[in-house]
Amino acid sequence: MKTTLPTLSVLAIALVLASPLPAAPASAPPPPHAAPVSAAPTHEFRSGIALLEAESGEGGWEKLSEDGVAVIRAVPGAEMRYRVRFPEPGFYFVHMRSHYAVGMKNAKGEVMETHSTNDAHLLVGGARLYGSDLTTRPEGMRCHSATLRWWQLPKGPGGHTPEAIKEKPVQAYIPAAGVYEVLLRYRSPGLVIDKLAFTRDGVNPADTLAETKASSPPAPTARPQAQFEPEPGTQAWRCEVEAAPAVSQWRLEREHAGFSGDGYLAWRGPHVKHQPGTAILSYGLRVTEPGEYRMSIRTRRDIEGAPRADDQVNDVFVRMDGGPWVKVSHKTPWGQWGEIKHFSFETGLKDAVFSLTSASEYRFEIAARSDNVKIDSIRFVRVAQTTAPATPAPAGKK
Ligand SMILES: [Ca+2]
């Protein structure tokens, strides 16, 4: 018998090595692990994605509509709950389509930094997510956009997310198939969430989701807030900036004479150079003759308080028909009316000319960039068809 025991032991080890993957894979991260609930799920996986409309959850976050998109906004002390059925154990990427608040004021009336309004606590099955090292446990997720975008970034642990995981996707670890509660908790004011999502694989699942969204039919958007009018006897179209409502921290002002129409809009919010799409003003431009159209925006800047550098208080973002946001800028002397008429690229300035290739209505939009910039009116002039256009290729028109 002495000789058979070692043989059996070897056999047992061989059997263990050959057995299928154990319930808790060798790559299981450090606990505590998520714990399932017995309640019925509110969300299921379909085609590899569990997609949670944020407003479908139960809880006390404010539900509202932004440009026709149903979203939720953080409320101090309140939570939102969802129950997702995860089909198999393992790691899942976590996505949050969200944006922070621009120009939000704190209790003292001071404008808050956008990074103070950009995150939420998030627990899955009562457990924290994992950072990209599959060890560090962030408290939640954060975002870096002024408009709704997909984000996968961790927040915490602590006030400053560790560098090693900071800009890398978070994941949830699900120890066994089942229904798990997804719990959003307040961390900062002003955070707006459109959707949450869980995906199993893919190098960059957030891009896949964003593309899915972009390729689906565009959501019905609100009408432009104002319309360009043709200037009789010319190839020009004109619109007063203030014909659009002064959203967010655009302010209708009349202090400096020389404006046209009812006044001009001044951006009294923060400098938002990294957040194109902040506080959008929209204008409908009905094109009857396709061609190249040169843009100019009447503008001025004034010394208000401390003197500023010459390349400040001088730009806004514009885009045509949902194309890329482009910075447009000017160097008009301080205290004078002038014109913004150049696209401003890292490589230099180019005439702000747009290719409007179909006889249809285009949507021209302006978004904030420099603080305290003032804009009065917008004009488009059809360019004589002699030279090749310089344009940042706005989105293709049908
Ligand atoms: Ca005006």
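Scroll up for the structure.
Quick notes on the rules
- Residues numbered from 1 in each chain as written.
- Predicted model: local features only at pLDDT ≥ 70, side-chain atom pairs only at ≥ 80, totals over all residues.
- Pairing = 2+ DSSP bridges.
- Helix = DSSP H or I, 4+ residues; strand = E, 2+ residues; numbered from the N terminus.
- Contact = placed C-beta atoms within 7 Å.
- Core = buried A, V, L, I, M, F, W, Y, C linked by C-beta atoms within 7 Å.
- Buried ≥ 20, exposed ≤ 12 C-beta atoms within 10 Å, placed from the backbone.
- Domains from an automatic or database assignment.

(A) How the structure looks around the sheet that holds strand E24 (residues 326–329). The strand order E16-E21-E29-E23-E24-E26-E27 describes an open sheet built from 7 strands, whose pairing is mixed. Looking along the sheet, the strands with just one partner apiece sit at the ends: strand E16 (226–227) and strand E27 (348–351). Bridge count between strand E21 (residues 281–286) and strand E29 (residues 361–367): 6 bridges; the pairing is antiparallel. When the sheet's bridge partners are listed, Gly284 is paired in E29 with Arg363.

(B) Broad picture of the environment of Leu129. With respect to the secondary-structure elements, Leu129 resides in the loop between strand E9 (127–128) and strand E10 (140–142). Between the C-alpha atom of Leu129 and that of Val170, which follows or precedes it by 41 residues, the distance is 6.5 Å. For Leu129, the contacting residues outside a window of four places in its chain are Val94, Leu122, Val124, Arg137, Pro138, Pro154, Val170, Gln171 and Ala172.

(C) Representation of the nonpolar core. Within the largest apolar cluster, 88 residues are counted, with the highest numbers of intra-cluster contacts made by Ala172 and Val316. Looking at this core, the element that brings in the most residues is strand E15 (residues 192–199), giving 5 residues. Each of two domains, domain 1 (23–215) and domain 2 (226–382), supplies a minimum of three residues to this core. Discounting chain neighbours no more than four positions away, the residues touching Val316 are Val328, Ile366, Ala367, Ala368, Arg369, Val373 and Ile375.

(D) Summary view of the pairing of E21. Alternating positions in E21 separate cleanly, Leu281, Tyr283 and Leu285 being buried on one face and Ser282, Gly284 and Arg286 remaining unburied on the opposite face. Sheet analysis places E16 next to E21, joined by 2 bridges and oriented parallel. Bridge pairing in E21 places Gln227 opposite Gly284.

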